[in-house]
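Residue-level listing of the chains:
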Amino acid sequence: MMAATQSSFWCFALFSLYVYIVRGSFTIANEDRKEYIVYMGSLPSDPKYSPKSHHLSMLRGVVSSRSYTRSFNGFAALLTDKEAAKLSSDENVVSVFRSETLQLHTTESWDFMGFPENIDRNLTGEGEVIIGVLDTGIWPESPSFDDHGFGPVPKRWKGECQGGSDFKCNKKIIGARFYDGSTGGSSCRDTIGHGSHTASIAGGRPVKNTSFYGIAEGLARGGAPSARIAAYQVCSTIGCSTAGILGAFDDAVADGVDILSVSLGRQQPVSIEEDTIAIGAFHATEKGILVVQSAGNSGPMVGSTASNAPWLFSVAASTTNRKIMTKVVLGNSKVLEGYAVNSFKLKGSQVPVVYGAETTSDCAPDLAKLCERGCLDKNLVKGKILLCQSSDYLVDAYEAGAVGLVAQKSPSTPNISAVLPFAISLLPSYQFELAESYYDSNKKPTMNILTSHSKKDKDAPIVAEFSSRGPNVVIPDILKPDIIAPGTEILAAFSPKSSPSDYGFDKRSVFYNILSGTSMSCPHVTGAAAYVKSIHPDWSASAIKSALMTTAAAGRMNTSKSKHGHNEFSYGAGHLDPVKAANPGIVYRTTYQDYINLLCGMNISSSMATKMSGLNITCDDKKVQPLKAKDLNYPSMAAQIEELPLTNNTNGAEFKVKFTRKVTNVGLPNSTYKAKTTCHHTACKINVVPEQLSFKALNEEKSFVVTVAGKNLESMVSASLEWDDGIHVARSPIVVYAKTMSV
């Protein structure tokens, strides 16, 4: 159901079919009218302007299902295709696009990043930070959201507690809203678990002795445990309505959140003016709100990240130093080890085993070995452990009466463990072959599936296989994702109303669960951003983003163990380091005007830029200088080379790219930074002018130009620039890549 939970890997195909059926039936029943979003940009400054009246006059009798009137301008309505086309030609409209259903994309993880519980904090400042979470809602009774010891709600908070009749806010959860729309929601109470999980990773208070039935036991805590949380329920069991998402952005901006955490999104990128989250985030950025979004779970394919706007903080997922594994003990005492989070204990030390191939006479042998649907004889399976070449039919195994399942893990699935509905272990191919060999050589084979255990992963951090990759196919000269954070096998709060494995027959109820996905890495960055914000309350969203990016640990990523490479296109600036981010020395600040200049540089018309920004924009006048994406004052540098110039040089074609940047001193008043460059390419040269930046005061700005030149570029050049004053090191990744790079 959720593209960012563990069920992404075991239930996604079934959920996609469910969504197709549910949404398909809606479309058939309303084939003349479909829900469209009419985006009209910023709200006009005229106090006499009434957005709702304007919307109604444009609709001319068609009922609007939702108007956006608090932070930007637009509405959602059921329209025919002809009506939508007519509205798209209206001079007041930026874009008209179909409303869609998007998908949902900790004890050990914070310590793994070097961010211990006893780190120095500004508790007063942290209590003033408000984190907005767009997700499936929140479970307010969770110990992670208890408000014991919390002071009064920040006076600037303008939001409300509209969580439904069964929902109460407190001094920790200070706001709640739900958006019924096409998701069918009627409360902000989380009955799925995903929203509680992400909210607790970002801002959950410390809770001792948490675990999943004794597995991964420890202290569960968020990155900013004293921060306040506002929950916006935009997702339900059928997905996340884009109309509801825009409604949540509209409210959250007006409510007064500081940071928005968005662990959901598309599976494929779209243009900025049709990207619901990019649109909402654009208006949030205008108000100084940092929007953190999961990069997506469509990896390892390159060009798969759907979080591409530069004003979004896009987060990839890495592994942590804790792996959860499930052992299988064969009757001959040999021990195999597979992937699964198993809390079930089987009766007896050894249980009879039957191979799927021997449970039927009606199925072809190859299908029977897979335990395919219809191939299992309940009389032969009941009470036994089933051995299968695939885990695709685990529901059938359960319904046939199997007490356990030992299956071969598909090589294409990630090497991570998920919570499953009964005793299961998924063995790598070479270990499954050992299980097969043991079965074939014994007349009465037996096995036992043990409860899961934690072990040290010495290879971490590695980019998770499911994590979406760049390059950015929407704005090629902006490097995405921006950063990487822990996203596998994370223990955090959950809803006791939801099955921990997402299987209906699994009736277990838990307050803490183990999930994986970029949905889990996103709130790690949100929590770190809240921590930095608490120490530097006057910093802009772009300054906080820069601090987290330039202090990220790229060298910490274990690229030698990664199957798919892609380097910066998979982890951006590097691995999150919250402690260093609190004192970055210098930052790259990007203003709202810079983004407007970028829109003009992207050949967006003056009229569209005016409608989006609410300002009177003429893209070619002196006040608005069209800006190329590669020259946006961004903490990373990227350039796509459309065509390499021809040359007679036998060593290959030459390339040369210039980047302009400026940094602001936020470290020591009197400081001098020296440039250090690194290029991981045999024929690459980097020149920085000037090579030294001397500051005499805080908040002083200095500009510089970086030139990357080389030849024989086959796919990409990976490089970096470090500014070092002896105390601080601010690092920017640099990527120059050919358009022909496979996408």
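Bear in mind the structure is a predicted one, so any value in this text is a computation, not a measurement.

S.K.: What should I look at first to understand the packing of helix α18 (residues 592-601) against helix α19 (residues 606-613) in this one?
M.R.: Any two packed helices are characterised by the angle at which their axes cross and by the distance between the axes. Relative to each other, α18 and α19 sit at 150°, their axes nearing to 9 Å. The orientation of α18 with respect to α19, classified from their angle, is roughly antiparallel. Seen from above, α18 lies across α19 with right-handed handedness. Residue-level contacts link Tyr592, Ile596, Leu599 and Cys600 of α18 to Ala609, Met612 and Ser613 of α19. Its residues assigned to classes, the contact of α18 with α19 shows 6 nonpolar, 1 polar and no charged.

S.K.: What is the right way to look at the packing of aromatic side chains in this model?
M.R.: Here the distance between the centres and the angle between the planes together describe a pair of aromatic rings. Applying the stated criterion to the full structure yields 13 aromatic pairs. A centroid spacing of 5.5 Å and a plane angle of 50° characterise the contact between tyrosine 398 and phenylalanine 422, whose relative ring orientation is tilted. Linking tyrosine 398 in helix α12 (residues 394-399) with phenylalanine 422 in the loop between β22 (404-408) and β23 (423-427), this pair joins segments that are 24 residues apart in sequence. With a relative accessible area of 34%, tyrosine 398 lands in the partly exposed category. Arginine 98 extends its terminal NZ or CZ atom over the ring of tyrosine 36, reaching a point 5.9 Å from the ring centre. Across the ring face of tryptophan 139, the terminal group of arginine 189 is positioned such that the distance to the ring centre comes to 4.5 Å.

S.K.: Quick question: what am I supposed to make of the packing of helix α7 (residues 194-203) against helix α14 (residues 518-535) here?
M.R.: Remark: α7 packs on α14, axes separated minimally by 7 Å, with the N-to-C direction vectors making an angle of 35°. Crossing geometry of α7 relative to α14 is assigned as right-handed. For the pair α7 and α14, contact is made by His194, His197, Thr198, Ile201 and Ala202 and by Ser519, Met520, Pro523, His524, Thr526 and Gly527, respectively.

S.K.: In this structure, what is going on with the side chain of threonine 320? I would like to understand it.
M.R.: Residue placement: threonine 320 occurs in the loop between β17 (312-318) and β18 (322-330). The contacts of threonine 320, once residues within four sequence positions are left out, are Ser109, Phe112, Asp457, Ala460, Pro486, Thr488 and Ile490.

S.K.: I tried to follow unusual backbone geometry on my own but got confused; where do I start?
M.R.: For residues besides glycine, phi is generally negative; the peptide bonds are generally trans as well. Each neighbour pair has its own omega, and for glycine 299 with proline 300 the value is 5°, a cis peptide bond. Residue position: proline 300 is located in the loop between β16 (290-294) and β17. The omega torsion across lysine 480 and proline 481 is -5°, close enough to zero to call that bond cis. In the Ramachandran plot, alanine 216 falls in the positive-phi region, its phi being about 60° despite a non-glycine side chain.

S.K.: I would appreciate a short explanation of the pattern of salt bridges in the present structure.
M.R.: Between side chains of opposite charge, a pair can form as their charged atoms come close. Counting across every chain of the model gives 18 salt bridges. Ionic pairing is found between arginine 70 and aspartate 251, a salt bridge with its closest N-O pair at 3.1 Å. You can call arginine 70 partly exposed: its relative accessible area is 35%. Ionic pairing is found between aspartate 111 and arginine 221, a salt bridge with its closest N-O pair at 3.0 Å. On the criterion of sequence distance, the pair formed by aspartate 111 in helix α5 (residues 107-112) and arginine 221 in the loop between β10 (215-220) and β11 (228-233) is long-range, its members being 110 residues apart. On the basis of relative accessibility, which here comes to 44%, the residue aspartate 111 falls in the partly exposed class. When salt bridges with common partners are traced through the structure, they connect Arg70, Arg177, Asp251 and Asp255 into a single cluster.

S.K.: Just checking my understanding: could you explain the state of the cysteines for this structure?
M.R.: When the sulfur atoms of two cysteines share a covalent bond, that bond is a disulfide. Evaluated as defined, the whole model comprises 6 disulfides. Two residues share a disulfide in this structure: cysteine 371 and cysteine 388, whose sulfurs sit 2.0 Å from each other. On the sign convention where negative is left-handed, the bridge of cysteine 371 and cysteine 388, at about -95° about the S-S bond, is left-handed. In this pair, cysteine 371 is assigned in the loop between α10 (365-370) and α11 (378-381) and cysteine 388 in strand β21 (residues 385-388), connecting sequence segments 17 residues apart. As far as burial versus exposure is concerned, cysteine 371 and cysteine 388 are alike and both buried. Sequence-ordered numbering of the disulfide-bonded cysteines in the protein chain gives the connectivity 1-2, 3-4, 5-7, 6-8, 9-10, 11-12. A disulfide-free cysteine, cysteine 188 has its sulfur positioned 7.6 Å from the sulfur of cysteine 169, the nearest such atom. For cysteine 188, a relative accessible area of 0% puts it in the buried group. Left without a disulfide partner, cysteine 522 is nearest to the cysteine sulfur of cysteine 235, which lies 12 Å away.

S.K.: I'm lost on α18 in this one. Help?
M.R.: Owing to its 3.6 residues per turn, the α-helix aligns residues three or four sequence positions apart on the same side. Where burial is concerned, most of α18 is hidden: 8 out of the 10 residues are buried. Taken together, the buried residues of α18 touch α9 (276-286) and α19. Once α18 finishes, asparagine 603 follows within two positions and takes phi at roughly 65°, a positive value.

S.K.: Can you walk me through the pairing of strand β37 (residues 729-738) in this structure?
M.R.: Moving residue by residue along a regular strand, the side chains alternate between the two faces of the sheet. Counting buried positions over the 10 residues of β37 gives 9, a clear majority of the element. Pairing analysis gives 5 bridges linking strand β30 (residues 637-641) to β37, with the strands arranged parallel. Each residue of the ladder has a partner; that of glutamine 640, found in β37, is tyrosine 737. Hairpin connection, strand β36 (residues 716-724) to β37: the antiparallel pair is bridged by 4 residues, and glycine 726 has positive phi, about 95°.

Quick notes on the rules
Residues numbered from 1 in each chain as written. Predicted model: local features only at pLDDT ≥ 70, side-chain atom pairs only at ≥ 80, totals over all residues. Heavy atoms only, no water. Axes fitted to C-alpha atoms, helices over the stretch in contact; angles between N-to-C directions. Helix = DSSP H or I, 4+ residues; strand = E, 2+ residues; numbered from the N terminus. Parallel < 35°, antiparallel > 145°, perpendicular 65-115°, else oblique. Left-handed = near helix turned anticlockwise from the far one by under 90°. Contact = heavy atoms within 4.5 Å. Nonpolar A, V, L, I, M, F, W, Y, C, P; charged D, E, K, R; others polar. Phe/Tyr/Trp six-rings, centres within 6.5 Å; stacked < 30°, edge-to-face > 60°. Buried < 20%, exposed > 50% of the residue type's maximum accessible area, 1.4 Å probe, protein only. Lys NZ or Arg CZ within 6 Å of the ring centre and 35° of its normal. Salt bridge = Lys/Arg side-chain N within 4 Å of Asp/Glu carboxyl O. Disulfide = S-S within 2.5 Å. Pairing = 2+ DSSP bridges.

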